[in-house]
Amino acid sequence: MSVESVDYTKTIPNRFNPFENDTENIKYRDDYRKIVPQISVSGCVIPENPSKFEKKNIRRVYNRTGLVLILHLLLTNVLAIIISMIVSLFATFGSNVSNLTDFMNNSSVNLDIIAITYTIANITSFLIGCKLLNISIKEVFSKPQVTTLNMARHISIAWCFQGACLIVVSIMCSIFISIGFDNIIPESVLDSSMNSITYYIATFIYSCIIAPITEEMLFRGVVLKGFSVVSQRFGIFMSALLFGLLHGNLPQFVTTFCLGIYLGFIATRYNSILPTIVMHFFINLVPTLIDMFLGDNEFICNIILLGFYGIMIVLGIIFICLGFRKKCNRLPVQNALQRKRTLPLAISSIGVIVIVLVYVISMIINHIA
């Protein structure tokens, strides 16, 4: 049986799908000419093993993505110090505050400082990242082709993952407590002993507005895009990993990593972070409201959480099973060409190594301290 020959001199790879991966959203992919400029030349073929030139360009994108998070970390710490100093000076000399420590610990000031710090740091890092990685801000916020019904389904599945993770985290915390590692459990940002309207408003604004918008801008707008330069699957998992590590403790890492995978999948599917901002809002809304209004009554709080997330887990599983038949509802996969251009090059990129190590070390210090 004769084999049909291919005339590679007439072959021109699709610069938006150079690896011929039909499980990815081509609309989300960048022009691969940024990595291999000659890809649109007739006869160009993507080799199994990347050339030194291709490796260099891929590492450059990975390094710049890591650099954005390094700058974000530095900016966050510097801003926190500066803003805290300004607030302390104002409280000491500009008002009748007898005890600065009590003032800082028994008001919404600390939460306000966190909100201002992360708002500035996240937005600034997003803008720098868009510039470094040539990302179109307009495209990041493009109008997604998603129906209200599908959006409700995505939110339900996100709540399903959140509920499942909370169960896993609860079991983990019980195990850690039983063996004497009480400090593995993070302190809540919200202190239920502070029942002032100002504190509740500050909590809601930070948890349900600032965090969903600015974190999605940074992680699904820049980090995901940067690590998806070769493979969207790698971008989804890498951005979720860093998103989880950013939260600084093991219990929150479990939840944010799993949710980060689903948020990354939605961002690549719809080529927009608008759906993920909405999902992030609802993910943070439930625990925030329950902590705010029922935080003093742990028994009722646990009953409501168990009931709500129990329903969402069942509903989410049904939605996942019904939608799994469609290819668009599945995570993209990597082919052999992409695998040789993702993890091996990422773990040899200085920017990626540095930010992962810093995040991991910070998490370890938080648990030891």
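Calculation notes
- Residues numbered from 1 in each chain as written.
- Predicted model: local features only at pLDDT ≥ 70, side-chain atom pairs only at ≥ 80, totals over all residues.
- Heavy atoms only, no water.
- pLDDT = per-residue confidence, 0-100.
- Helix = DSSP H or I, 4+ residues; strand = E, 2+ residues; numbered from the N terminus.
- Contact = heavy atoms within 4.5 Å.
- Core = buried A, V, L, I, M, F, W, Y, C linked by side-chain atoms within 4.5 Å.
- Buried < 20%, exposed > 50% of the residue type's maximum accessible area, 1.4 Å probe, protein only.
- Axes fitted to C-alpha atoms, helices over the stretch in contact; angles between N-to-C directions.
- Left-handed = near helix turned anticlockwise from the far one by under 90°.
- Nonpolar A, V, L, I, M, F, W, Y, C, P; charged D, E, K, R; others polar.
- Parallel < 35°, antiparallel > 145°, perpendicular 65-115°, else oblique.
- Phe/Tyr/Trp six-rings, centres within 6.5 Å; stacked < 30°, edge-to-face > 60°.
- Patch = residues over 30% accessible without salt bridge, like charges linked within 9 Å, V, L, I, M, F, W, Y side chains within 5 Å.
- Areas by Shrake-Rupley, 256 points an atom, 1.4 Å probe, with all protein chains shown as cover.
- Salt bridge = Lys/Arg side-chain N within 4 Å of Asp/Glu carboxyl O.
- Polar contact = N/O pair within 3.5 Å; in protein donor to acceptor, adjacent residues only side chain to side chain.

Student: Please explain the confidence of the model for the chain as it appears in this structure.
Tutor: As a general rule, the predicted coordinates of low-pLDDT regions are not to be interpreted in detail. On average, residues of the chain score 87 in pLDDT, and 86% of them are at 70 or above. The secondary structure element of the chain with the lowest average pLDDT is helix α2 (residues 100-105), at 54, and the one with the highest is helix α7 (residues 232-246), at 97. Across residues 1-10, where pLDDT falls below 50, the model places 7 contacts with residues more than four positions away in sequence or in other chains.

Student: Help me understand the nonpolar core, please; the structure alone is not making it clear to me.
Tutor: Note on soluble globular proteins: their nonpolar side chains tend to be buried together. Core analysis: the biggest nonpolar cluster contains 39 residues, and Tyr-32, Tyr-62, Leu-69, Phe-227 and Leu-242 have the highest contact counts within it. The leading source of residues in this core is helix α6 (residues 197-227), at 6 residues. Aside from chain neighbours lying at most four places away, what touches Phe-227 is Tyr-62, Thr-65, Phe-234, Gly-235, Met-238, Leu-242 and Val-352. The next biggest cluster of nonpolar side chains, apart from the first, holds 24 residues, and it includes Trp-159, Ile-266, Cys-301 and Met-312.

Student: I tried to follow the packing of α7 against helix α8 (residues 250-270) on my own but got confused; where do I start?
Tutor: Between two packed helices, what matters for the description is the angle formed by their axes and the separation of those axes. Where α7 contacts α8, the axes come no closer than 8 Å and their chain directions differ by 145°. In terms of crossing hand, the pair formed by α7 and α8 is right-handed. Contacts between α7 and α8 involve Gln-232, Ile-236, Phe-237, Ala-240, Leu-241, Phe-243, Gly-244 and Leu-245 from the first element and Phe-253, Thr-256, Phe-257, Gly-260, Ile-261, Gly-264, Phe-265 and Thr-268 from the second. Tallied by class, residues from the contact of α7 with α8 come to 10 nonpolar, 6 polar and no charged.

Student: How do you make sense of the environment of Leu-345 when you look at a structure like this?
Tutor: Mapped onto the fold, Leu-345 is located in helix α12 (residues 343-346). Residue Leu-345 is classed as buried on the basis of its relative accessible area of 3%. Setting aside residues no more than four positions away along its own chain, Leu-345 makes contact with Lys-55, Ile-58, Arg-59, Tyr-62 and Lys-340.

Student: Just to check I follow, could you spell out the packing of α6 against helix α9 (residues 274-294) for this structure?
Tutor: Direction vectors running N to C along α6 and α9 enclose 155°, while the axes themselves pass 9 Å from each other. With respect to α9, the axis of α6 lies roughly antiparallel. The chirality of how α6 crosses α9 is right-handed. Counting all contacts with α6, which are made through Tyr-200, Thr-203, Phe-204, Ser-207, Cys-208, Ala-211, Pro-212, Ile-213, Glu-215, Glu-216 and Arg-220, the residues of α9 involved are Thr-276, Ile-277, His-280, Phe-281, Asn-284, Leu-285, Thr-288 and Met-292.

Student: Where do I start with the packing of aromatic side chains in this structure?
Tutor: Given two aromatic rings, their pairing is described by the distance between the two centres and the angle made by the two planes. Scanning all chains against the criterion turns up 13 aromatic pairs. Consider the rings of Phe-253 and Phe-257, whose centres lie 5.6 Å apart with planes at 15°: the pair is stacked. Here Phe-257 and Phe-253 lie together in helix α8, a separation of 4 residues that amounts to about one turn. Since its relative accessible area comes to 17%, Phe-253 is described here as buried.

Student: Teacher, can you tell me more about a nonpolar patch on the surface here?
Tutor: A contiguous nonpolar patch, built from Ile-350, Ile-353, Val-354, Leu-357, Ile-361 and Ile-365 and spanning about 520 Å² of accessible area, is present on the exposed surface. Along the chain, the position of Ile-353 falls in helix α13 (residues 350-368).

Student: Help me out: how do you make sense of unusual backbone geometry in this one?
Tutor: It is generally the case that most residues other than glycine have a negative phi and that most peptide bonds are trans. Despite not being glycine, Asn-134 shows a phi value in the positive range, around 55°. In this structure, Asn-271 takes a positive phi of about 55° despite not being glycine. With respect to the element layout, Asn-271 can be found in the loop between α8 and α9.

Student: So what exactly am I meant to see when it comes to the environment of Phe-126 here?
Tutor: Counting through the fold element by element, Phe-126 comes out in helix α3 (residues 109-132). In this structure Phe-126 comes out as buried when scored by relative accessible area, which is 1%. On a C-alpha basis, the gap between Phe-126 and His-72 in space is 8.9 Å, while along the polypeptide they are 54 residues apart. Apart from the residues lying within four places of it in its own chain, the contact partners of Phe-126 are Ile-137, Val-140, Phe-141, Met-217, Leu-218 and Val-222.

Student: Looking at this model, I keep getting lost on the side chain of Gln-162. Mind explaining?
Tutor: Following the sequence through the fold, Gln-162 ends up in helix α5 (residues 148-178). By relative accessible area, which is 6% here, Gln-162 ends up buried. Among the polar contacts listed, one links the side chain of Gln-162 to the side chain of Tyr-309, at a separation of 3.1 Å. Here Gln-162 is in contact with Leu-259, Ile-283, Pro-287 and Tyr-309, once residues within four sequence places are set aside.

Student: Before we go on, may I ask you to explain the pattern of salt bridges in this structure?
Tutor: Here the idea is simple: oppositely charged side chains can pair when their charged atoms come close. Counted according to the given criterion, the structure contains 8 salt bridges. The shortest N-O distance in the salt bridge between Asp-31 and Arg-15 comes to 2.8 Å. Separated by 16 residues along the polypeptide, Asp-31 in the segment before α1 (52-93) and Arg-15 in the segment before α1 bring together distant segments of the chain. For Asp-31, a relative accessible area of 14% gives the class buried. The class for Arg-15 is partly exposed, based on a relative accessible area of 28%. As a salt-bridge pair, Arg-220 and Glu-216 come within 2.7 Å of each other at their nearest N and O atoms. With Arg-220 and Glu-216 both in helix α6 and 4 residues apart, this pair spans about one turn of that helix. Here Arg-220 and Glu-216 have matching classes, each one buried. One salt-bridge network, in which partners are shared between bridges, spans Arg-15, Asp-31 and Arg-33.

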